[in-house]
Amino acid sequence: MSRLVTIRLGNDLRALLRLMSTCVQSLRDRSTTDAASERDLAQLDGAIDSAFHIARDLIAMDGPRSGLAAVADVNELILQLEGVLTRMLGGQIHMSVRLEAVDGMVEAETVQLEWVLLNLAANSRDAMPDGGLFEIRTASVKRRSDGAPYIRVTVTDSGPGMPEDVRDRAFEPFLSTREGRTGFGLTSVALIIRRFRGWIDIESDTSGTSVHIHLPALSAAKR
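I will try to describe carefully the structure that is included in this document.

Parameters and conventions
- Residues numbered from 1 in each chain as written.
- Predicted model: local features only at pLDDT ≥ 70, side-chain atom pairs only at ≥ 80, totals over all residues.
- Heavy atoms only, no water.
- Axes fitted to C-alpha atoms, helices over the stretch in contact; angles between N-to-C directions.
- Helix = DSSP H or I, 4+ residues; strand = E, 2+ residues; numbered from the N terminus.
- Left-handed = near helix turned anticlockwise from the far one by under 90°.
- Contact = heavy atoms within 4.5 Å.
- Nonpolar A, V, L, I, M, F, W, Y, C, P; charged D, E, K, R; others polar.
- Buried < 20%, exposed > 50% of the residue type's maximum accessible area, 1.4 Å probe, protein only.
- Polar contact = N/O pair within 3.5 Å; in protein donor to acceptor, adjacent residues only side chain to side chain.
- Pairing = 2+ DSSP bridges.
- Salt bridge = Lys/Arg side-chain N within 4 Å of Asp/Glu carboxyl O.
- Bend = angle between axes of the 7 residues up to and from the residue.
- Expected span 1.5 Å × (residues − 1).

**Notes on the packing of helix H3 (residues 74-89) against helix H4 (residues 110-127)**
Phase 1: Interhelical geometry of H3 versus H4 gives an angle of 35 degrees and a closest axis separation of 10 Å. Once H3 is placed against H4, the crossing between them reads as right-handed. Judged by residue contacts, Val74, Leu77, Ile78, Leu81, Val84, Leu85, Met88 and Leu89 of H3 engage Thr110, Leu113, Glu114, Leu117, Leu118, Ala121, Ala122 and Arg125 from H4.
Phase 2: Looking at the contact of H3 with H4 residue by residue, the class counts come to 13 nonpolar, one polar and two charged.

Here you go:
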């Protein structure tokens, strides 16, 4: 399968899955569901999450072979996702976007960073069933050890936070606090970020959770 066909199929599948996810949330918002209906919706959510994995892997397994690194503008990507994220979060969650990185260019694949942000947003939504605040912000920072430039993307929610034992194991495979979910979401997020030579930190207490993603900033010479 050619690279262009793979990307087209993967992107089409992701677009359909976004629509499905939005429709599921809309059904929850517009009607009072009984226990059986809620179980059906939860299973559909789980199936959508699994399909997102398949779409991501479909694109990743036929990655660029030319030797040229993929380039993504994190600030621009967040702006493009703002509408999708608003619908995904639902009417009870207020979203804030603060793009403070001077230059959001990183050496990474846009499609996989998009999946990371959608996954984190879904986790935040599930942590705030009664509504709350969700924020994405970017910043230009330097690594303490050597002063290397990085772009930090922080996703924050005002949910109840993670217990310490859950936070310490957050990136372990199969760990899930939600019934009907596979538990691979944060594991996949961590693997993607590590692939792009970055790392993730989590801060969490009773006032909410912040996930900090650090990605090497792309130098002008590599563009």
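**Quick look at unusual backbone geometry**
Phase 1: Its identity as a non-glycine residue notwithstanding, Arg197 has a phi of 60 degrees, on the positive side.
Phase 2: Given a relative accessible area of 49%, Arg197 falls into the partly exposed group.

**Re the side chain of His212**
Phase 1: With respect to the element layout, His212 can be found in strand S7 (residues 208-216).
Phase 2: Looking at His212, its side chain comes within polar contact range of the side chain of Thr154, at 2.9 Å.

**Overview of the sheet that holds S7**
Phase 1: Overall, mixed pairing links the five strands, which are arranged S2-S4-S5-S7-S6 in an open sheet. Sheet topology places strand S2 (93-99) and strand S6 (199-205) at the edges, where each strand pairs with a single neighbour. Within this sheet the neighbouring strands show an average axis-to-axis angle of 15 degrees, counted without direction.
Phase 2: Inspection of the sheet shows S6 paired to S7 by seven bridges, in the antiparallel sense. For Ile202, the partnering residue across the bridge sits in S7 and is Val211.
Phase 3: On the sheet, H3 packs against S2, strand S4 (132-142) and strand S5 (149-157) and is oriented at approximately 175 degrees with respect to S2.
Phase 4: The strands touched by H4 are S2, S4, S5 and S7; relative to S5, the strand with the most contacts, the crossing angle is about 25 degrees.

**Considering the environment of Ala139**
Phase 1: Relative to the assigned elements, Ala139 resides in strand S4.
Phase 2: Placed 35 residues apart in sequence, Ala139 and Gly104 show a C-alpha to C-alpha distance of 8.3 Å.
Phase 3: Look past the residues within four positions of Ala139 in its chain and what remains in contact with it is Glu100, Ala101, Tyr150, Ile151 and Arg152.

**Focus: the pattern of salt bridges**
Phase 1: Counted by the stated rule, this structure contains seven salt bridges.
Phase 2: For Glu135, the salt bridge identified is with Arg137, shortest N-O distance 2.6 Å.
Phase 3: Accessibility expressed as a relative area gives 16% for Glu135, which makes it buried.

**Concerning H3**
Phase 1: At Glu82, H3 shows its largest kink, close to 45 degrees.
Phase 2: Within H3 the residues assigned to the buried category are Val74, Asn75, Leu77, Ile78, Leu81, Val84, Leu85, Met88 and Leu89.
Phase 3: Just downstream of H3 lies Gly90, where phi reads positive at about 90 degrees.

**Notes on the pairing of S6**
Phase 1: Here S6 shows a buried face lined by Ile200, Ile202 and Ser204 and an unburied face lined by Trp199, Asp201, Glu203 and Asp205.
Phase 2: Two successive antiparallel strands, S6 and S7, enclose a turn made up of two residues.

**Section: H4**
Phase 1: End to end, H4 covers 26 Å across 18 residues, agreeing with the expected 26 Å (1.5 Å per residue, within 8%).
Phase 2: Counting buried positions over the 18 residues of H4 gives 14, a clear majority of the element.

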